Amino acid sequence: MGRVGIYKREGNVSLASFGIKSKKDKHGNKVDLTKSLSQMLPYIVTATAASALIQPASFAWVRKDYYAPALGGIMLSIGIQLSVSDFAIAFKRPLPVLIGYTTQYMVKPALGLLVVTVFNVPAAFAAGLILTSCVAGAQLSSYAAYLSDSDIALGIILTSLTTITSVIVTPFLTRLLIGSVVPVDVVAMASSILQVVIAPIMLGLALNTYAKDFVNKVRQFMPLVAMVCTSLCIGSPLALNRSQIVSIEGFKLLFPVLAFHMSAFILGYWVPRIPWWRQDEKVSKTISLCTGMQSSTLAMLLATQFLGGSHAVPPACSVVVMAIMGLSLGSFWGKGNRVQDLGNIFYTTNKAYT
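Definitions and cut-offs
Residues numbered from 1 in each chain as written. Predicted model: local features only at pLDDT ≥ 70, side-chain atom pairs only at ≥ 80, totals over all residues. Heavy atoms only, no water. UniProt positions renumbered as here; feature names shortened; annotations may be inferred. Helix = DSSP H or I, 4+ residues; strand = E, 2+ residues; numbered from the N terminus. Buried < 20%, exposed > 50% of the residue type's maximum accessible area, 1.4 Å probe, protein only. Expected span 1.5 Å × (residues − 1). Contact = heavy atoms within 4.5 Å. Patch = residues over 30% accessible without salt bridge, like charges linked within 9 Å, V, L, I, M, F, W, Y side chains within 5 Å. Areas by Shrake-Rupley, 256 points an atom, 1.4 Å probe, with all protein chains shown as cover. Salt bridge = Lys/Arg side-chain N within 4 Å of Asp/Glu carboxyl O.

The protein chain goes by Sodium/metabolite cotransporter BASS3, chloroplastic in an unreviewed UniProt entry, where it is assigned to Sphagnum troendelagicum. According to the UniProt record, the Sequence similarities (unreviewed entry) comment for the protein chain is "Belongs to the bile acid:sodium symporter (BASS) (TC 2.A.28) family."

Below you can see the structure in the form of structure tokens.
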């Protein structure tokens, strides 16, 4: 059993601190550089989106050919944080893992299809939004779990398992849900995921196992690498499809994306708490964050390669929305608040203005 800050967890990886030694400020207080970088991510994501839409030239230079290497950089940053022992939790606590996996790959795709139908999402964006609901959990969800005082180890294993198995599950779900509307090459999509997701993660895992000295030297730079790669993956499709996004149809896309993520966070929290599962608060918070936050950067790459440029817009919008909502929710829980307290908070706020 190791220790991550004040959190105990199994395995020899620290996803909360990413293996970076804390430095001290002038007052002698410890400063976690990774945490500082991660706290900046929602602002970076928002600034990227604003820059891409206001000044498209700032990201229009990022060609589609760059998406795969950028996503590979993000996945490598995950891989070097993993160890073989991290996966032991799947065998010791199978029920929370099974529930989280089910909400990720059954509840969320059904939710994506429902949102597209209810909001009558334009054809140029519909397949991209459904594809977004079929990808793995976002690596950022594990950091949100850290902020929320949730089950960090469970967050790590859910993100890892959904990402590794996405090579099979994502192409299958995509073909099942949108194959009749947009032709989906399952084999080619699986091959793409294998190259840009599985290979970098396995490389990172191998390096963390057999080349620890090297990993310890580069690990401190990986959050910055992931941040830059995420920014490029978000900004490019927004800039290239600006005319469609700022149109009336594009504006209408915001509401389905918001509804999708909000519903995913809600269902992810309450599904584990149904009577025959009765998971505790920490597990419910973790599964909520893993369900509401997905690897939209992967969805962008796949949409660009297999569905057409406009279908990369919903995943790009999704990155912005899920980062802001997920980290805000994590901070809300991290302050000791509960879902049940939301009613009291709204009542108090409303009373103060009346």
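Resuming the write-up.
### Looking at the environment of Ser191
Position of Ser191 relative to the elements: it lies in helix H10 (residues 186-210). Under the relative-accessibility criterion, Ser191 is labelled partly exposed at 31%. Spatially, the C-alpha atoms of Ser191 and Ile168 are 9.6 Å apart, while their sequence positions differ by 23 residues.

### Things to note about the UniProt feature "transmembrane region" (unreviewed entry) in the protein chain
When the UniProt feature table is mapped onto this chain numbering, "transmembrane region" (unreviewed entry) sits at residues 40-61, 67-89, 110-132, 152-174, 186-209, 221-241, 253-271 and 312-333. For residues 40-61, helix accounts for 86% and strand for 0%, while the C-alpha atoms at its two ends are 24 Å apart. The span residues 221-241 is 90% helical and 0% strand by assignment, and the distance between its end C-alpha atoms comes to 31 Å.

### Brief notes about helix H14 (residues 248-270)
Between its first and last C-alpha, H14 extends 34 Å over 23 residues, near the 33 Å set by a 1.5 Å rise per residue. Listed as buried for H14 are Gly250, Leu253, Pro256, Val257, Phe260, His261, Ala264, Phe265, Gly268 and Tyr269. In this structure, the buried side of H14 is in contact with helix H5 (94-118), helix H6 (123-132), helix H13 (242-245), helix H15 (281-292) and helix H17 (313-334).

### Some points on a nonpolar patch on the surface
Together, Leu114, Val118, Phe119, Phe251, Leu254, Phe255 and Leu258 make up an exposed nonpolar region whose accessible area comes to about 660 Å². Of all the secondary-structure elements, those providing two or more residues to the nonpolar patch are H5 and H14. Here the element with the most residues in the nonpolar patch is H14; it accounts for four residues. Within the secondary structure layout, Leu254 lies in helix H14.

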